[in-house]
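Now for the letters of each chain:
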Amino acid sequence: MPEGHTIHRLAAHHHAVLGGAQVVATSPQGRFTAGAARLTGATLAATEAYGKHLLHHYQGGPGGGILHVHLGLYGTVADGPGQPPAPVGQIRLRLVGGPAATADGSPAGGPPATAGVAARQHWLDLRGPAACELLTEAEADALRDRLGADPLRDDADPDTAGGRIRRSARPLGALLLDQTIVAGVGLVYATEVLFRAGIAPTTPGRRLTADQWQRIWADLVTLMRIGVRRGRIDTVRDEHLPEAMGRAPRNDRHGGEVYVYRRAGQPCLCCGATVAAGVLAARNTYWCPTCQPG
DNA sequence: CAGATATGACAAC
DNA sequence: TTGTCCTATCTGG
């Protein structure tokens, strides 16, 4: 699940269901005991996504702080109304009071709960994360400073990212995954955006023109915004969708329609050539030898 | 039911 | 480059 679109989606959702409310935090596995104690009684003031990093800003209570979560390869966050299921996650946040969520699911702002406001019950479980820790403001600044341009953030600086890419001899398939250059792009988006650009993942960054980078960046912004909306990665143009081509829709756990990601050995949706697979910088990569000439 | 694998990242060679 | 983290899911026997 977790490329940048997933994290941005979670940040917005968590603000909608827990924003402005006091929380009770527990550490069922005992790996976040001190952090949970500092969060309990604090109020979730804001949520933020930067690349694949999720930040919860807590104020008040016994100290508050910035909860930093990175899901890594297989971390998940689940949440829901009412009583939580059996405590198994690394961290659990339980809403104990706050303004009622708006009907359309938009962020519930306003002050914390006051007497007479019906308390919501909402739980959140974090399981299998690569990182779950409390940061200071300075540490959060340092985290943002070491991340590159996030196509889903308004403050992104694609020119700096493009400059670094176009001065590098490393292959584009690795450069797009370098979170200090571009933040939030993972294997699926990197693989697919290069297919859509008609550029092989082995191409050195310095062979990319400024115009090509501009188009790749714009495509990432477009694709990842769709990903946030739909909660899945779709990169296939209308004319190559299953309905348009009379083929069966993709039906694996990812769900999205893609051109080459994990389609090794299958025919390219554009030209029919066999999709190739390889390993680049310790990550799987896929491409069409015809549509993406090296 | 054991083993492989996964949209990730980092430390240690 | 390889190993490790650590969870869920899918595969083959």
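The rules behind each value
Residues numbered from 1 in each chain as written. Chains lettered and ligands numbered in written order. Predicted model: local features only at pLDDT ≥ 70, side-chain atom pairs only at ≥ 80, totals over all residues. Heavy atoms only, no water. Buried < 20%, exposed > 50% of the residue type's maximum accessible area, 1.4 Å probe, protein only. Helix = DSSP H or I, 4+ residues; strand = E, 2+ residues; numbered from the N terminus. Contact = heavy atoms within 4.5 Å. Core = buried A, V, L, I, M, F, W, Y, C linked by side-chain atoms within 4.5 Å. Near = heavy atom within 4 Å. Polar contact = N/O pair within 3.5 Å; in protein donor to acceptor, adjacent residues only side chain to side chain. Nonpolar A, V, L, I, M, F, W, Y, C, P; charged D, E, K, R; others polar.

Draft legend 1. Quick peek at helix 4 (residues 158-166). Among the residues of helix 4, those classed as buried are A161, G162, G163 and I165. In this fold, the buried residues of helix 4 make contact with helix 5 (172-175) and helix 7 (210-230).

Draft legend 2. Highlighting the nonpolar core. Ranked by size, the top nonpolar core spans 38 residues in total, and within it I165, V182, W213 and I216 carry the most contacts. Ignoring sequence-local partners within four residues, the contact set of W213 consists of P158, A161, G162, I165, L176, V182 and L208. With 22 residues, the next largest nonpolar core counts I7, A11, V17 and C132 among its residues.

Draft legend 3. Main features of unusual backbone geometry. Despite not being glycine, R262 has its phi angle at roughly 55°, a positive value. Checked against the element boundaries, R262 lands in the loop between helix 8 (242-245) and strand 9 (276-280). In this model, A282 sits at a positive phi of 65°, which is unusual for a non-glycine residue. Mapped onto the elements of the fold, A282 is located in the loop between strand 9 and strand 10 (283-287).

Draft legend 4. Representation of the protein's contact with DNA strand C. Close contacts around DNA strand C come from seven residues, with R31, Y74, R127, G128 and A282 the closest. Restricting attention to atoms of DNA strand C within 4 Å of the protein, one finds that 60% of them are sugar or phosphate atoms. Contact distances for DNA strand C include 2.8 Å between a phosphate oxygen and a side-chain N or O atom of R127.

Draft legend 5. Looking closely at the protein's contact with DNA strand B. As a matter of local geometry, DNA strand B sits amid 20 residues, with K52, G186, H254, R262 and R283 nearest to it. Take the atoms of DNA strand B that sit within 4 Å of the protein: sugar and phosphate atoms are 63% of them. Elements that contribute at least two residues to the surface near DNA strand B include exactly helix 6 (187-197) and strand 10. Split by residue class, the surface near DNA strand B holds eight nonpolar, six polar and six charged.

Draft legend 6. Representation of the side chain of E48 in the model. Along the polypeptide, E48 turns up in strand 2 (residues 43-50). With residues near it in sequence (within four places) discarded, E48 still touches A11, H53, L54, L55, H57, R144 and R153.

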